[in-house]
Structures are given as C-alpha cells and as structure tokens.
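Breakdown of the fold
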Amino acid sequence: MKITEEGRFLLKEETREDLYRKELTAILRSATLINSSLDIEEILDRAMKWAEEFMNAEASSVYQLDEKNRELSVRLARGEKKDHIKRITLKVGESIAGYVVQTGKPMVIQDVSKEERFSDKFDKITGFATRSVLCVPLMLRNAPVGAIEVINKKSGELFNRADLELLYTVAQHVAVAMENANLYKRLEETHDMTTQELRVTQQKLIRSERLAALGNLVQGVAHEIRNPVMTIGGFAQRIKKELGGHGKTGKYVDIIIDETNRLENLVKRIREFADVQVSVITLEKPDTVLKEALNRANHAAKGQGVSVVKEIPPELPKMPIDANQLLTALNNLLENALEAMPGGGTLILKASLTSDRLLIAVEDTGCGIPKEKLTAVYDPFVTSKTKGAGLGLTLVHQVIVNHHGEINVSSELNRGTIVTIQLPLEPA
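Small disclaimer: the values here were computed from a predicted structure and weren't measured. (Residues numbered from 1 in each chain as written. Predicted model: local features only at pLDDT ≥ 70, side-chain atom pairs only at ≥ 80, totals over all residues. Heavy atoms only, no water.)

1. Section: the pairing of strand β7 (residues 133-140)
Short version of the rule: Throughout, exposure labels follow a simple rule: accessible area from a 1.4 Å probe, protein chains only, divided by the maximum for the residue type, with under 20% read as buried, over 50% as exposed, and the rest as partly exposed. Think of it this way: any DSSP run of H or I at least four residues long counts as a helix, any run of E at least two long counts as a strand, and we number them from the N terminus. Should DSSP find at least two bridges between two strands, the strands are taken to pair.
A large share of β7 lies buried, amounting to seven of its eight residues. The sheet contact formed by strand β6 (residues 107-109) and β7 spans three bridges and is antiparallel. If you follow valine 108 over to β7, its bridge partner there is leucine 134. When β7 meets strand β8 (residues 143-153), the two strands line up antiparallel, connected through eight bridges. Residue pairing across strands places leucine 138 opposite glycine 146, the latter belonging to β8.

In structure tokens, the structure reads:
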C-alpha cells in the first residue's frame with residue numbers, strides 16, 4: 001500500500017507486469033471504442049461504460065469546461081440517478097471535479113467523508129450515496145478542458161493503481177475525441193461543405209485520433225522491447241567472440257545478431273514516431289532544413305546513380321516550424337524516394353511560396369505506388385517494402401498535422417511518386 005504526499009488516499013500496489021498488461025489492454029480497447037465514431041455522446045457513453053465495467057464501478061460522469069464562464073457542466077452521466085444531475089454546474093475549484101480541473105492533477109478519494117473538497121450537492125439531489133471517487137483531468141495541449149469521474153466500486157474495494165492508469169488512458173482519448181467532435185460540428189455549422197468534403201474531414205479527424213492513441217501504445221511497447229533486445233544482442237556478440245565465428249553455431253549467432261540489429265532499428269523508428277506526437281514550434285528559416293535534408297540524401301543518391309535536382313528559392317522567410325521534426329519528415333520522404341529507384345532515376349526537391357503557404361514537393365521517377373494502396377499510405381505498419389517498419393509516411397503525416405499543414409501523395413506505377421506538403425507561413 002502507498003500513501004500520497006497529501007495523505008488523503010491509498011493505492012493498492014500491483015505488480016509491474018499486471019499493471020503494464022492492463023494498461024495495454026486499456027489503450028487498445030478504449031482506442032477502438034473512441035475511434036469508431038464522431039458522435040460524441042456515443043463515444044463518451046461507450047468509453048465510460050467500459051471504464052465502469054473494468055473497475056466494477058457504480059456510476060461515472062464526464063465534465064466539460066466552459067472556459068468563458070469558468071464553469072463545469074455535466075456532459076455525460078451514467079448510473080441509476082443520472083437524469084437528475086445533467087443540469088447542475090460547478091465553478092472551477094468547486095468540489096472534487098472542479099479542483100481537478102483547476103489544478104490539472106488527479107484525485108483518488110477512498111473515503112469522501114474525510115475529504116474537505118467533497119461536495120454532497122449531487123447526493124442531496126439524487127439520493128445517491130457517494131463513498132469513494134476517482135477523478136482525472138481531461139487535458140488538451142497541456143490545459144484542462146474537463147474531467148472524468150468514476151464513483152464507488154460495487155465490491156466496496158479501494159480504487160487501485162490500475163484503475164488510475166486506466167482512467168488516465170481513457171481521459172487522453174476522450175479529450176482528443178471531444179476536441180475533434182467540436183471541430184467537426186463547427187465545420188458543419190460555419191461552412192457550406194459538400195458531403196464529400198465532410199467525409200474527407202471526418203476521416204482526417206478519425207486518423208488523427210487513431211495515431212494519437214497509437215503514439216501512447218508504441219511508446220510503452222518500444223520501452224519494454226528495447227532493453228531485452230539489446231541484452232540479447234550483447235550476449236550474442238560475446239558468444240561470437242568466444243566461438244571465433246566458426247561452424248554452424250557461429251552462423252546461428254550471426255543470424256541472432258542480424259535479427260537483433262533489425263529489431264533495434266525497428267524500436268528506434270517506433271520511438272521516433274512516438275517522439276513526434278508533440279512539437280515545439282518556433283520561427284525558423286525552412287531553407288536551412290531543406291538544404292540539410294538534401295545534403296544527407298546526396299551520398300546515397302550518388303551511390304545509386306540517381307540525379308538530384310534542387311529547386312529551392314535562395315531566400316525563404318522565417319515561419320513557424322519545428323525544425324528537427326520537419327528535417328525528420330523530409331529525411332523520410334527522400335529516403336522513400338531513393339528506395340523506389342534502386343537502379344537510378346531522378347530525385348527532385350522543390351519549394352515555392354504562395355501568399356500564405358510554403359509548398360514543398362518531393363518527386364521521384366521510381367516504381368510508384370499501386371492505386372489501391374494510396375488510401376492507406378499514412379496508416380502505421382503498412383508498407384510494400386521488404387524492409388522497414390512501415391512508419392515513414394505515418395511519421396511524416398503526424399509532423400505535418402503538428403504544423404497545421406496538409407500532405408498529398410500522388411503516384412503512378414512505373415512512373416514515379418510526388419509527395420506535396422503545404423505549411424502555413426503564419427502561426428495557426
């Protein structure tokens with residue numbers, strides 16, 4: 001058992017293995033539930049229903065912050081007395097949910113009678129008896145936008161660490177889903193969009209949600225895989241040294257070393273993808289990034305007999321970018337282009353300006369991408385190459401989303417591929 005710094009609640013200890021297994025299950029299950037729709041009421045109800053089932057809880061609520069009035073409203077309530085509380089509002093700082101939104105920190109209250117911040121406002125209206133509460137903030141871009149709360153375990157047991165980790169996971173996905181649903185609603189209300197435009201926008205939002213959830217998953221998986229893979233590779237190198245690399249056993253050891261190197265590279269790419277989930281945007285000159293990316297590609301291009309054409313204006317204005325992330329994205333695009341031309345060809349990197357955007361195009365004369373696969377090029381682990389993790393364009397897509405830009409891929413078999421990126425010149 002552990003006591004928090006404030007001494008208000010206890011969390012039952014679980015083994016690291018049990019906790020990690022439950023967390024992975026939570027990520028996969030809640031991501032599937034939330035990514036299935038843009039109907040926010042359906043998303044919230046399904047997500048909280050599953051959270052209740054996982055924790056064996058009696059009731060749950062989702063609070064949404066009205067930033068202008070600094071009030072919390074009950075966006076969703078589940079449980080026997082849910083209909084009585086939907087019109088109730090809380091001030092930021094009031095009650096447990098209000099305090100969680102105010103501080104951006106979770107609260108786990110095992111006995112509400114001992115918690116001074118607990119308000120019995122809801123219990124008086126509904127006749128419900130709250131005994132214990134688990135509440136975590138809904139965070140978006142490092143700012144609270146609401147809170148989710150689970151009340152009373154049916155068994156009378158204490159909330160434990162796995163419950164807290166689960167609710168944090170659900171909260172991450174719910175916050176993104178609420179933001180995307182609100183954005184989609186605003187687009188419907190303020191723009192006369194055609195049915196096709198709405199469908200494309202919806203798919204982009206769902207893809208962003210799915211990639212955000214995947215970022216959380218792969219970060220944990222990469223962390224768990226990296227250490228054992230490095231250990232296996234290290235011991236294999238020692239065995240090879242002692243054997244002298246001779247005989248059948250030596251060949252087997254070489255296979256182990258090659259495969260662990262491949263896995264280490266895969267883990268590296270996965271961690272790169274996890275790292276681009278958050279960007280640091282500053283005013284920088286993009287031509288420096290473009291030239292650096294092209295310099296890195298030149299050596300491989302010469303070795304393959306690929307001609308490199310650069311069409312970049314001599315002076316580009318400063319603009320809001322994450323230079324490291326943009327360089328990573330361009331490196332991936334140039335690497336893909338070169339891999340598509342093993343027998344030589346032409347690689348073109350273009351940049352041009354419009355009134356409000358920087359346009360970047362990477363063109364190659366390689367093998368191209370089949371038409372039926374173009375719709376899935378941004379999906380993770382989808383690749384037609386014999387090597388690689390299938391995360392290159394997924395990573396590039398996330399970087400462009402971070403920059404509030406757009407990316408488009410056009411391709412023709414045996415003629416080549418063009419990847420076009422549009423980045424805003426002014427901060428979003």
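We are not done yet, so read on.
2. Focus on helix α2 (residues 40-55)
The condition that has to hold: What a helix should span is 1.5 Å times the count of its residues minus one.
Given a rise of 1.5 Å per residue, 16 residues ought to cover 22 Å, and the 22 Å separating the end C-alpha atoms of α2 matches this to within 8%. Within the sequence span of α2, burial applies to Ile40, Ile43, Leu44, Ala47, Met48, Trp50, Ala51, Glu52 and Met55. After α2 finishes, the residue asparagine 56 shows a positive phi value of roughly 60 degrees.

3. Observations concerning the pattern of salt bridges
As a reminder of what qualifies: Throughout this description, the term salt bridge denotes a Lys or Arg side-chain nitrogen within 4 Å of a carboxyl oxygen of Asp or Glu.
Counted by the stated rule, this structure contains 15 salt bridges. A salt bridge links glutamate 42 to arginine 46, with the shortest nitrogen-to-oxygen separation between them at 3.0 Å. Here glutamate 42 and its partner arginine 46 are both found in helix α2, four residues apart, which amounts to about one turn of the helix. What makes glutamate 42 partly exposed here is its relative accessible area of 33%. Two residues, aspartate 45 and arginine 78, come together in a salt bridge whose shortest N-O distance is 3.0 Å. With aspartate 45 in helix α2 and arginine 78 in strand β4 (residues 71-78), this pair connects stretches of sequence that are 33 residues apart. Classification of aspartate 45 as partly exposed rests on a relative accessible area of 29%. A cluster of three or more residues bridged by salt bridges with shared partners is formed by Asp45, Glu52 and Arg78.

4. Side note on the nonpolar core
Selection rule: Definition of nonpolar core: a set of buried residues of the types Ala, Val, Leu, Ile, Met, Phe, Trp, Tyr and Cys, connected through side-chain atoms within 4.5 Å. For this analysis, residues touch if any pair of their heavy atoms sits within 4.5 Å.
By size, the foremost hydrophobic cluster in this structure holds 38 residues, and its most contacted members are Leu290, Leu347 and Ile360. Where this core is concerned, the elements lending two or more residues are α8 (286-304), β11 (319-321), α9 (323-339), β12 (345-353), β13 (357-364), α10 (392-402), β14 (406-412) and β15 (416-424). The dominant element in this core, judged by the number of residues it contributes, is α9, at eight residues. Those residues within four positions of leucine 347 in sequence are excluded, and the remaining contacts are Val306, Ser307, Val308, Val309, Leu334, Ala337, Leu338, Met341, Val362 and Glu363.

5. With respect to the packing of aromatic side chains
Keep this limit in mind: Working definition: rings of Phe, Tyr and Trp (its six-membered ring) pair if their centres are within 6.5 Å, and the pair is stacked with planes under 30 degrees apart, edge-to-face with planes over 60 apart, and tilted otherwise. By definition here, charges over rings are those cases where NZ of Lys or CZ of Arg is within 6 Å of the ring centre and within 35 degrees of the ring normal.
All told, the structure shown has two aromatic pairs when counted by the stated rule. A ring pair is formed by tryptophan 50 and phenylalanine 54, whose centres lie 5.6 Å apart and whose planes are at 55 degrees; its orientation type is tilted. Here the residue tryptophan 50 and the residue phenylalanine 54 both occupy positions in helix α2, the gap between them amounting to four residues, near one helical turn. Judged by its relative accessible area of 5%, tryptophan 50 is buried. Judged by centre distance (6.4 Å) and plane angle (65 degrees), the rings of tyrosine 63 and phenylalanine 122 are edge-to-face. You can see tyrosine 63 sitting in strand β3 (residues 57-66) and its partner phenylalanine 122 sitting in helix α4 (residues 121-126), a full 59 residues away along the chain. Comparing tyrosine 63 with phenylalanine 122 shows no difference in burial state: the two are buried. For arginine 117, the ring lying beneath its charged end belongs to tyrosine 99, and the centroid distance is 3.7 Å.

6. Quick look at the sheet that holds β15
Operational definition: The axes used here are C-alpha line fits, helices contributing only the stretch in contact, and every angle between their N-to-C directions lies in the interval 0 to 180 degrees.
An order of β10-β12-β13-β15-β14 is seen for the five strands of this open sheet, with the pairing classed as mixed. Two strands lie at the open edges of the sheet, namely β10 (306-311) and β14, each paired on one side alone. Neighbour to neighbour, the strand axes of the sheet diverge by 10 degrees on average, direction disregarded. Pairing geometry for β12 and β13, over seven bridges, is antiparallel. Within the sheet, the bridge partner assigned to leucine 353 lies in β13 and is leucine 358. The strands touched by α8 within the sheet are β10, β12 and β13, with β10 carrying the most contacts at an inclination of about 165 degrees. Against the sheet, α9 contacts β10, β12, β13 and β15, and its axis sits at roughly 25 degrees relative to β13.

7. With respect to the packing of α8 against α9
To characterise two packed helices, one gives the angle between the axes of the helices and the distance between these axes. Just so we agree on the cut-off: Each angle receives one of four descriptions, namely roughly parallel if under 35 degrees, roughly antiparallel if over 145, roughly perpendicular if within 65 to 115, and oblique otherwise. In this scheme, a crossing is called left-handed if the near helix is turned counterclockwise away from the far one by less than a right angle; it is called right-handed if the turn is clockwise. Note that Gly is not counted as nonpolar here; it falls among the polar residues with everything else outside the nonpolar set of Ala, Val, Leu, Ile, Met, Phe, Trp, Tyr, Cys and Pro and the charged set of Asp, Glu, Lys and Arg.
For the pair α8 and α9, the least separation of the axes is 9 Å and the interaxial angle reads 25 degrees. Judged on the interaxial angle alone, α9 and α8 are roughly parallel. For α8 against α9, the interelement crossing comes out right-handed. Between α8, through Val289, Leu290, Glu292, Ala293, Leu294, Arg296, Ala297, Ala300, Ala301 and Gln304, and α9, the contact on the second element is made entirely by Ala323, Leu326, Leu327, Leu330, Asn331, Leu334 and Leu338. Tallied by class, residues from the contact of α8 with α9 come to 13 nonpolar, two polar and two charged.

8. Describing the pairing of β3
With eight of 10 residues buried, β3 is to be regarded as a mostly interior element. Relative to β8, β3 runs antiparallel, the two sharing seven bridges. Looking across to β8, one finds that alanine 57 is bridged to lysine 153. As paired elements, β3 and β4 share seven bridges and run antiparallel to each other. Within β4, the position partnered with valine 62 by the bridge is leucine 76.

9. A closer look at the sheet that holds β7
Taken in spatial order, the six strands line up as β5-β4-β3-β8-β7-β6 in an open sheet, and their pairing is antiparallel. On the outer flanks of this sheet lie β5 (89-91) and β6, each paired with one strand and no other. Going from strand to strand, the sheet's axes swing by 25 degrees on average, the running direction of each strand aside. Where β4 lies against β5, three bridges are found, and the strand directions are antiparallel.

None of this, on its own, says anything about what the molecule does.
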